[in-house]
Structure formats: structure tokens, C-alpha cells
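Reading the structure
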Amino acid sequence: MDYKKLTVFNYQIAYYAFRLFTLYWIWEQICYYKIYSQRLPEFYNPKVWIQLMMFPSFPSAFYFGGLCLLLCLFLIWSLFQQKYWINKLIFVFIFLVNLPIAGYHGMGHHSHIVVLFYFFSMFLLPKELNESDYKFVQYLNLGILITYSLAGMYKFISMTKDIVSGSPDLSWYERNAARINTEYNYYIIDRMLPQWMIDFYEYENLWIVLTLLGILFQTTCFLGAFNRKFLTFAMVFIVSFHLYTKFFVFADWKSTIYGVVFMFLPYHWFYTFLTNKLRFSTL
């Protein structure tokens, strides 16, 4: 299978896999809703104009539950019938369900993968794609990966600014930056760093290299949109990065981890394996 066919083939599988994952994502948002609804109304603090317009106050259970139910129905419908208008409605409901939950933490970066996937794939129906349409799948992948690349570029620009200006602020190129970042996040929840983690950070020079390499890989993630092998590498890196942030920084973006896997998994590997196995069994 050449690159063009391979790119389209993987999306044709991801279309279904990501929708099944999104059903789990809806359950996750409902769990967030149950937690947030028990907080004082004053804690709800939307920052973005669209949040203020659509959800100036935290929605009722009936309103939020209705949105989730409609989204579930359209997702299941899209598994059996591929229509542009269904895709558009799925994006609208994904966006709406995410807004009030994100009202507690900006735009909710832990769900940006889900929102962007349905935005960039509104006009990508597996049944209508052929080999020549691989560029449209590339645009989808680029739309997701560029968010990581921009974050990496920002870190490089920030480090350059600190070096040129001689800023006294801690920067990522400094020896103990990663450890202090972890210690601060443990401090704000009033927990002590476990001894194994302290020992882990003892290799200060190694952490400088790991940190700078991590930022470099983050910056180059967008290249995965144009190369299948690099896309697989980018997927592994992003998953590893979020696992690190989960345990060392308490940024638990598990929906992002699952979303990246379902979206970028090299499904052609399984196709090749099963094809070879069937061919061998018939010999």
C-alpha cells in the first residue's frame, strides 16, 4: 500500500474508531458535570466570549443531558449512515458540550483533540474518499498536530527571549527547570515529592537534554501530517508526553491520549498482519 492509499485507509478506520471513543468522551464530560455542578455557582468562570454568550451560567442537568443525548444519537447514526449534515451537527454538539465544562479551565485543552477532529473532518466521508483525496486527510492531521508544534515554538521563542534579555525567570533550558515545575505542582496540592521522583531528577544534565529534545520533538510534530512513519513517532511522543504530565505535573489529559491513539494509530499494520496471516493459512 503506497502512502496515498495508506493515508486514506487509516482515516477510513479512524472515522469509526474515533466516534466510538467519543461515546466514552461524552461519559467523561458527564462525570465532570456531576463534579462541577456540586460547586458554588461563583466558581464557574468562563473566559471566552462564546462561553459567555452560550453558557453565561452553568447549565441545568436537563439542558446538558439533552445535549449529550442528542450527540450520542448523531454519533451512532453516523456509524451507519455517512452524511455531511450529520457531521456538521456532531461538531456543533461536541463544541457545545465542551463549552460549560471548559468554563472551569479556559477552553479546556484536554478536549481540543476532539473538537478539532470533528471540525477538520466535517467534509471527510470514508465512503467518498479515494486515493487522490489523501491531501484532505493530511489537512486534518496537520490541524491537530500544529497545536503541539505551536506550543513548542512558543517555548523556543520564550527561551530565546530569556537568553537575550538576561531574564532572571526560570527558563526551560536551565538545569533544574523540570524538577521545579514538578515540585511546584506538588506544592500547590500540598503534597511532598516521592523519593523515587527526587532520585529521578538527580540526573540534572540528562534532564536538560530530555527537556530540550522534548520541546524540539513537540515543535516538529506537524511534520507527521506529511510522513506516515513520522506520524506514528509523533503519536508515540504525544502519548509519552501526556503520560509524563499526568504523573509529574498532574495534568491528566487522558481523553487527549486516547484521542491521539484512535486518530493516528497505524491501522494498516493490522491490515498487513491479518492479510499475511490469512495468506499463510491458505497455503
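Above: the structure in question.
Right, let's walk through the structure included here. Remember, predicted model here, so these are calculated numbers, not experimental data.

Here is what the cut-offs are and how they apply
Residues numbered from 1 in each chain as written. Predicted model: local features only at pLDDT ≥ 70, side-chain atom pairs only at ≥ 80, totals over all residues. Heavy atoms only, no water. Helix = DSSP H or I, 4+ residues; strand = E, 2+ residues; numbered from the N terminus. Expected span 1.5 Å × (residues − 1). Buried < 20%, exposed > 50% of the residue type's maximum accessible area, 1.4 Å probe, protein only. Polar contact = N/O pair within 3.5 Å; in protein donor to acceptor, adjacent residues only side chain to side chain. Salt bridge = Lys/Arg side-chain N within 4 Å of Asp/Glu carboxyl O. Contact = heavy atoms within 4.5 Å. Lys, Arg positive; Asp, Glu negative; His and termini not counted. Axes fitted to C-alpha atoms, helices over the stretch in contact; angles between N-to-C directions. Parallel < 35°, antiparallel > 145°, perpendicular 65-115°, else oblique. Left-handed = near helix turned anticlockwise from the far one by under 90°. Nonpolar A, V, L, I, M, F, W, Y, C, P; charged D, E, K, R; others polar. Phe/Tyr/Trp six-rings, centres within 6.5 Å; stacked < 30°, edge-to-face > 60°. Core = buried A, V, L, I, M, F, W, Y, C linked by side-chain atoms within 4.5 Å.

Examining helix α10 (residues 228-249)
Taking 1.5 Å of rise per residue, the 22 residues of α10 would be expected to cover 32 Å, and the 30 Å separating its terminal C-alpha atoms lies within 8% of that figure. What α10 keeps buried is the set Arg228, Leu231, Thr232, Ala234, Met235, Phe237, Ile238, Val239, His242, Thr245, Phe248 and Val249. The N-cap residue of α10 is asparagine 227: its side-chain oxygen and the backbone nitrogen of lysine 229 are 3.0 Å apart. Count one or two residues on from α10 and you reach phenylalanine 250, which has phi positive near 60°.

Remarks on the pattern of salt bridges
Pairing between side chains of opposite charge can happen when the charged atoms of each approach one another. This model, assessed by the stated rule, comprises two salt bridges. A salt bridge links arginine 179 to glutamate 183; the shortest N-O distance between them is 2.8 Å. Pair noted here: arginine 179 and glutamate 183 are both in helix α7 (residues 177-187), with a separation of four residues, about one helical turn. Residue classification places glutamate 183 among the partly exposed residues on the basis of a relative accessible area of 31%. With a closest N to O distance of 3.6 Å, glutamate 202 and arginine 179 form a salt bridge. Of this pair, glutamate 202 sits in the loop between α8 (195-200) and α9 (204-219) while arginine 179 sits in helix α7, and the two are 23 residues apart along the sequence. Accessibility expressed as a relative area gives 47% for glutamate 202, which makes it partly exposed. Of the residues examined, arginine 179 reaches a relative accessible area of 23% and is grouped as partly exposed.

Brief notes about the environment of threonine 211
Within the secondary structure layout, threonine 211 lies in helix α9. When the C-alpha atoms of threonine 211 and tyrosine 173 are compared, they prove to be 7.5 Å apart, with 38 residues separating the residues in sequence. Sequence-distant contacts of threonine 211, defined by excluding residues within four places in its chain, comprise Trp172 and Ala178.

A short note on the side chain of aspartate 162
In this structure, aspartate 162 sits in helix α6 (residues 134-165). Salt bridges are absent for the buried aspartate 162, whose nearest opposite-charge side chain, lysine 161, sits at 6.5 Å. Sequence-distant contacts of aspartate 162, that is, excluding residues within four places in its chain, are made with Ser167, Ser171 and Tyr173.

Comments concerning the packing of α9 against α10
One can describe the packing of α9 onto α10 by two numbers: an axis separation of 11 Å at closest approach and a directional angle of 130°. By the angle between their directions, the pair α9 and α10 is classed as oblique. Crossing geometry of α9 relative to α10 is assigned as left-handed. Between α9, through Trp207, Gly214, Phe217 and Gln218, and α10, the contact on the second element is made entirely by Phe233, Phe237 and Tyr244. When its residues are assigned to classes, the contact of α9 with α10 shows five nonpolar, two polar and no charged.

Considering the packing of helix α1 (residues 3-36) against helix α4 (residues 84-102)
Contact geometry for α1 and α4: axes closest at 10 Å, N-to-C directions at 25°. Between α1 and α4, the crossing angle belongs to the class labelled roughly parallel. For the crossing formed where α1 meets α4, the hand is left-handed. Note on element contacts: α4 touches α1 through Asn87, Ile90, Ile94, Val97, Asn98 and Ile101, opposite Tyr15, Arg19, Thr22, Trp25, Gln29, Tyr32, Tyr33 and Tyr36. Here the residues of the contact of α1 with α4 are counted per class, giving nine nonpolar, four polar and one charged.

Quick look at the packing of aromatic side chains
One pass over the structure, following the stated rule, counts 36 aromatic pairs. Seen from their ring centres, phenylalanine 21 and tyrosine 24 are 6.3 Å apart, and the 40° between their planes marks the pair as tilted. Separated by three residues within a single helix, phenylalanine 21 and tyrosine 24 lie in helix α1, roughly one turn from each other. Owing to a relative accessible area of 3%, phenylalanine 21 belongs among the buried residues under this scheme. On the basis of relative accessibility, which here comes to 30%, the residue tyrosine 24 falls in the partly exposed class. Ring plane angle 90° and centroid distance 5.2 Å describe the contact between phenylalanine 117 and tyrosine 118, whose orientation is recorded as edge-to-face. Residue classification places phenylalanine 117 among the buried residues on the basis of a relative accessible area of 0%.

Regarding the nonpolar core
Counting residues in hydrophobic clusters, the biggest one holds 56 residues, and the most contacted among them are Leu71 and Tyr118. Residue assignment for this core shows that the elements contributing at least two residues are α1, α3 (61-80), α4, α5 (112-120), α6, α10 and α11 (254-264). Among the elements that take part in this core, α1 stands out by supplying ten residues, more than any other. In contact with leucine 71, not counting residues within four places along its chain, are Trp25, Ile26, Ile90, Phe93, Ile94 and Val97. Ala178, Leu193, Tyr201 and Val249 belong to the second-largest nonpolar core, a separate cluster that totals nine residues.

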